[in-house]
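Survey of secondary and tertiary structure
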There are 2 protein chains.
Amino acid sequence: MAETSEETLAERKRGSGVKLVYEMLRDEILTLTLPPGRPIDEVNLAERFGMSRTPIREALVRLAGEGLVETLPNRSAIVANIDFSKLHTFFDAITLMYRVTTRLAAQYHRPEDLEVIRAHQERYAQVVAAQDPLAMIAVNRDFHAAIAEAGRNPYFTSLTLRLLDEGRRILRLYYQSFNDRLPQEYSDEHNAIIAAIAARDIELCDRLARAHADQIVRQIRQFFGRDMRQDVPL
Amino acid sequence: MAETSEETLAERKRGSGVKLVYEMLRDEILTLTLPPGRPIDEVNLAERFGMSRTPIREALVRLAGEGLVETLPNRSAIVANIDFSKLHTFFDAITLMYRVTTRLAAQYHRPEDLEVIRAHQERYAQVVAAQDPLAMIAVNRDFHAAIAEAGRNPYFTSLTLRLLDEGRRILRLYYQSFNDRLPQEYSDEHNAIIAAIAARDIELCDRLARAHADQIVRQIRQFFGRDMRQDVPL
DNA sequence: TGCATTTTATTTGTCGACAAGAATCGAGGC
DNA sequence: GCCTCGATTCTTGTCGACAAATAAAATGCA
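Let me sum up the structure you'll find in this document. (Residues numbered from 1 in each chain as written. Chains lettered and ligands numbered in written order. Predicted model: local features only at pLDDT ≥ 70, side-chain atom pairs only at ≥ 80, totals over all residues. Heavy atoms only, no water.)

1. Description of the overall build of chain A
Looking only at helices and strands, chain A has 10 helices and three strands in total. Ordered by position from N to C terminus, the α and β elements of chain A give α-α-β-α-α-β-β-α-α-α-α-α-α. Buried residues in chain A amount to 50% of all 234 residues. Once local pairs closer than 6 in sequence are excluded, the contacts in chain A between residues at least 24 apart make up 76%. With the model as given, the accessible surface of chain A reaches about 11200 Å², and the carbon-plus-sulfur share is 51%. (Helix = DSSP H or I, 4+ residues; strand = E, 2+ residues; numbered from the N terminus. Buried < 20%, exposed > 50% of the residue type's maximum accessible area, 1.4 Å probe, protein only. Contact = heavy atoms within 4.5 Å. Areas by Shrake-Rupley, 256 points an atom, 1.4 Å probe, with all protein chains shown as cover.)

As structure tokens, then:
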């Protein structure tokens, strides 16, 4: 077997091992490099990363806590499956979180938050222009994550991050099939959301976030199946 | 040192160790038996539970993933602190989750769900009558957790569970200071919520859940400090 | 040949041990 | 007397190994 880049990193700082394998595995799962259902062999990973099974297991436990891997007792852990029969619950949740975090961002953001958000959006426009689906998906996540952070509610932020990550896998499946144009309208909607946050217009943020979520949900549902989502006027 | 009950359980099934120590530690944290900030020594726990450090560490990693313990590199893990300066974000989140999960329960509950919810509420009334604060706090959590389960959205359920658990610590602090009567009005509100769910009246569920949350938040805030929470009309 | 059962092999769960880093304690200097 | 620096102790992070449990292969039987 050829030397992988991980093996060359012989000298690692104590405690950095788990973080490395955690982030690496996480990225490979979210980009579907590791497809859902793929078994995860501990010894295999151990020799791949050139370390013992102990830090590997710790990383797997953390990933299991986030729902990205499923562990069966005395059996191999597997990459978490995507339950398409429960997609509507995902749509419900991401729609509400888009609305809530964008509202909160309008209220609590500071100038430096806006700079971060705008930077992500600029990069988003770039990768859409470059027709790079993988980068587009990752940056879209960063954009909404930055908005959630600006809202300064760690509970909402953590759920939003989890949903955004799960969404990376779903979007990847979506764009893997459709290799057509990356939609420009999302970029426009992002800019409108930024303007609404900067203007601290809570109601406008709510409407834009909901419309943004609706747009994405509509596109995905007509690919994966009917829209099982219910309207949540609250 | 005297033999503890854990040590007497010499024969354990393979794989049950982590679950045992995870649930035990979790319960001790949520009941404030282990106060926030208390350092958690791995070898101490290892000999207390009569097992190696490996399963102890795995349990700690899981608890850290849920935010119940904080780990510092190369230093002792500690029971997660309660950030009182961010209590308002907790109130925001639990209020919204009460509303959303109760709404969803009204829509998606099945007859057997109602039985479970009613059973929890009966037990709630019992422990309130018995003036048992610890049991009241635990059963209150189970009651709202059952409602969230009946709503059948795993994303909302998981955030709700996390908030309910965090709430157990806050309520414990609250009732530890006030050793006065356990409020009867919560029990009445619970019954009203059950009736609204059974009637599948979504809007009524929303109003009742919000009022219920408001009631609790009001009581806690006048103890811990001013209500920093904002109104979220959505 | 097809199925049930035993045997082998693979993979996980747990253990004890060692080394790196941090906290504690003590000695020395100002 | 107080601060700084070094040695010691203590705790964590990682390792290699062993045993239990499952999966796979081989064997026996109809």
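2. Thoughts on the relation of the copies chain B and chain A
Least-squares fitting of chain B to chain A yields an RMSD of 0.0 Å, with the superposition described by an axial translation of 0.0 Å and a rotation of 180°. One copy is carried onto the other by what is essentially a two-fold rotation axis. Counting the interface residues of chain B, we find that 100% of their copies in chain A are interface residues as well, pointing to one common contact surface. (Least-squares fit on C-alpha atoms with pLDDT ≥ 70 in both.)

3. Observations concerning the protein's contact with DNA strand D
For DNA strand D, the set of nearby residues contains 21 residues, the closest of which are R14(A), S52(A), R75(A), R53(B) and R57(B). Sugar plus phosphate: this is where 63% of the atoms of DNA strand D within 4 Å of the protein reside. At 3.0 Å, a side-chain N or O of R75(A) approaches a phosphate oxygen of DNA strand D. Separating a phosphate oxygen of DNA strand D from a side-chain N or O atom of S76(B) is a distance of 3.1 Å. Looking at the surface near DNA strand D, the elements with two or more residues in it are helix 2 (16-30) and helix 4 (53-65) of chain A together with helix 3 (42-49) and helix 4 (53-65) of chain B. Top contributing element to the surface near DNA strand D by residue count: helix 4 of chain A, with three residues. (Near = heavy atom within 4 Å. Polar contact = N/O pair within 3.5 Å; in protein donor to acceptor, adjacent residues only side chain to side chain.)

4. Observations concerning the packing of helix 9 (residues 185-198) of chain A against helix 10 (residues 202-224) of chain A
Residues and elements named next belong to chain A. Direction vectors running N to C along helix 9 and helix 10 enclose 160°, while the axes themselves pass 9 Å from each other. Accordingly, the angle class assigned to the pair helix 9 and helix 10 is roughly antiparallel. Where helix 9 crosses over helix 10, the two elements pack in a sense that is left-handed. Within the contact between the two elements, helix 9 uses E185, Y186, E189, H190, A192, I193, A196 and I197 and helix 10 uses L204, C205, L208, A211, H212, Q215, I216 and Q219. Class assignment of the residues belonging to the contact of helix 9 with helix 10 gives a composition of 10 nonpolar, four polar and two charged. (Axes fitted to C-alpha atoms, helices over the stretch in contact; angles between N-to-C directions. Parallel < 35°, antiparallel > 145°, perpendicular 65-115°, else oblique. Left-handed = near helix turned anticlockwise from the far one by under 90°. Nonpolar A, V, L, I, M, F, W, Y, C, P; charged D, E, K, R; others polar.)

5. Observations concerning the side chain of S187(B)
Among the structural elements, S187(B) can be located in helix 9 (residues 184-198). For S187(B), the contacting residues outside a window of four places in its chain are Q121(B), Y124(B) and A125(B).

6. A look at the protein's contact with DNA strand C
The immediate surroundings of DNA strand C are formed by 20 residues, with R53(A), R57(A), R14(B), S52(B) and R75(B) found nearest. Near the protein, meaning within 4 Å, the atoms of DNA strand C are sugar or phosphate in a fraction of 63%, with bases accounting for the rest. Here a phosphate oxygen of DNA strand C sits 3.2 Å away from a polar atom, N or O, in the side chain of D41(A). R53(A) places a side-chain nitrogen or oxygen 2.7 Å from a base nitrogen of DNA strand C. Listing elements by their share of the surface near DNA strand C, those giving two or more residues are helix 4 of chain A together with helix 2 (16-30) and helix 4 of chain B. Considering every element that reaches the surface near DNA strand C, the biggest residue donor is helix 4 of chain B, with three residues. Class assignment for the residues of the surface near DNA strand C results in three nonpolar, eight polar and nine charged.

7. What about the interface of chain B and chain A?
Counting from both sides, the interface comprises 33 residues of chain B and, opposite them, 33 residues of chain A. Here chain B and chain A share two salt bridges between them. Across the pair E58(A) and R57(B) runs a salt bridge whose closest N-O atoms are separated by 3.3 Å. Taken together, the links from chain B to chain A amount to eight residue pairs in polar contact (both at pLDDT 80 or more). For the side of chain B that touches chain A, the residue count by class is 15 nonpolar, six polar and 12 charged. (Salt bridge = Lys/Arg side-chain N within 4 Å of Asp/Glu carboxyl O.)

8. Focus on the sheet that holds strand 3 (residues 77-79) of chain B
Read from one edge to the other, the open sheet built from three strands follows the order 1-3-2 (chain B), with strand pairing classed as antiparallel. Looking at strand neighbours, the two that pair on one side only are strand 1 (39-40) and strand 2 (69-70) of chain B, the edges of this open sheet. (Pairing = 2+ DSSP bridges.)

9. Some points on unusual backbone geometry
All names here are of chain A. Positive phi, close to 65°, is recorded for L32, a residue that is not glycine. Secondary-structure assignment places L32 in the loop between helix 2 and strand 1 (39-40). One non-glycine residue with positive phi stands out, namely R200, at about 55°. When you line up the elements, R200 lands in the loop between helix 9 and helix 10. Residue R200 is classed as partly exposed on the basis of its relative accessible area of 40%.

Taken by themselves, the reported measurements are silent on function.
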